[in-house]
Amino acid sequence: MSMTQETGDITGTKDKDYNLIWFVEQCLSNALRLETYIADADRAGDSELADLFRRAQAESRKGAEQGKDHLRRRLTNA
């Protein structure tokens, strides 16, 4: 089975840049999804679980911010 690696020829975006864009999107998506989980835990009166989800959400936001910083630098130097 032959596997072709995409290096930007098909998408016009190099793998490393595409991966960074994907990472930011996933972090932001995770932060949004965790908002639902936090609300569910709060509604169930499970503050321990809600706190876990809040910490995870904070880490997802942190990852998104770091990724956006990398994108910003790369786009301004392009």
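Refer to the structure above for everything that follows.
Residues numbered from 1 in each chain as written. Predicted model: local features only at pLDDT ≥ 70, side-chain atom pairs only at ≥ 80, totals over all residues. Heavy atoms only, no water.

Engineer: How would you summarise a nonpolar patch on the surface if you had to cite specific residues and measurements?
Structural biologist: Residues Tyr18, Trp22 and Phe23 make up a contiguous nonpolar surface patch of roughly 340 Å² in combined accessible area. Relative to the elements of secondary structure, Trp22 occurs in helix α1 (residues 15-43). Residue Trp22 is classed as partly exposed on the basis of its relative accessible area, which comes to 46%. (Patch = residues over 30% accessible without salt bridge, like charges linked within 9 Å, V, L, I, M, F, W, Y side chains within 5 Å. Areas by Shrake-Rupley, 256 points an atom, 1.4 Å probe, with all protein chains shown as cover. Salt bridge = Lys/Arg side-chain N within 4 Å of Asp/Glu carboxyl O. Helix = DSSP H or I, 4+ residues; strand = E, 2+ residues; numbered from the N terminus. Buried < 20%, exposed > 50% of the residue type's maximum accessible area, 1.4 Å probe, protein only.)

Engineer: Kindly report on the nonpolar core, identifying the contributing residues and their values.
Structural biologist: Leu34, Ile38, Ala41, Ala50 and Phe53 together form the largest nonpolar core, which totals 5 residues. Elements that contribute at least two residues to this core include exactly α1 and α2 (47-76). Here this core gets 3 residues from one element, more than from any other, and that element is α1. For Ile38, the contacting residues outside a window of four places in its chain are Ala50, Phe53, Arg54 and Gln57. (Core = buried A, V, L, I, M, F, W, Y, C linked by side-chain atoms within 4.5 Å. Contact = heavy atoms within 4.5 Å.)

Engineer: I'd like to hear about α2, residue by residue, with values.
Structural biologist: In this model, α2 (30 residues) spans 43 Å end to end at C-alpha, consistent with the 44 Å of a helix rising 1.5 Å per residue. Listed in full, the buried residues belonging to α2 are Ala50, Phe53, Gln57, Ser60, Gly63, Ala64, Gly67 and Leu71. Where α2 is buried, its residues meet α1. (Expected span 1.5 Å × (residues − 1).)

Engineer: Before we move on, could you go through the pattern of salt bridges and cite the residues and values that matter?
Structural biologist: Per the counting criterion, the structure on display carries 7 salt bridges. Of the charged contacts in the structure, one is a salt bridge between Arg54 and Asp51, with a shortest N-O distance of 3.5 Å. With Arg54 and Asp51 both in helix α2 and 3 residues apart, this pair spans about one turn of that helix. Residue Arg54 is classed as partly exposed on the basis of its relative accessible area of 36%.

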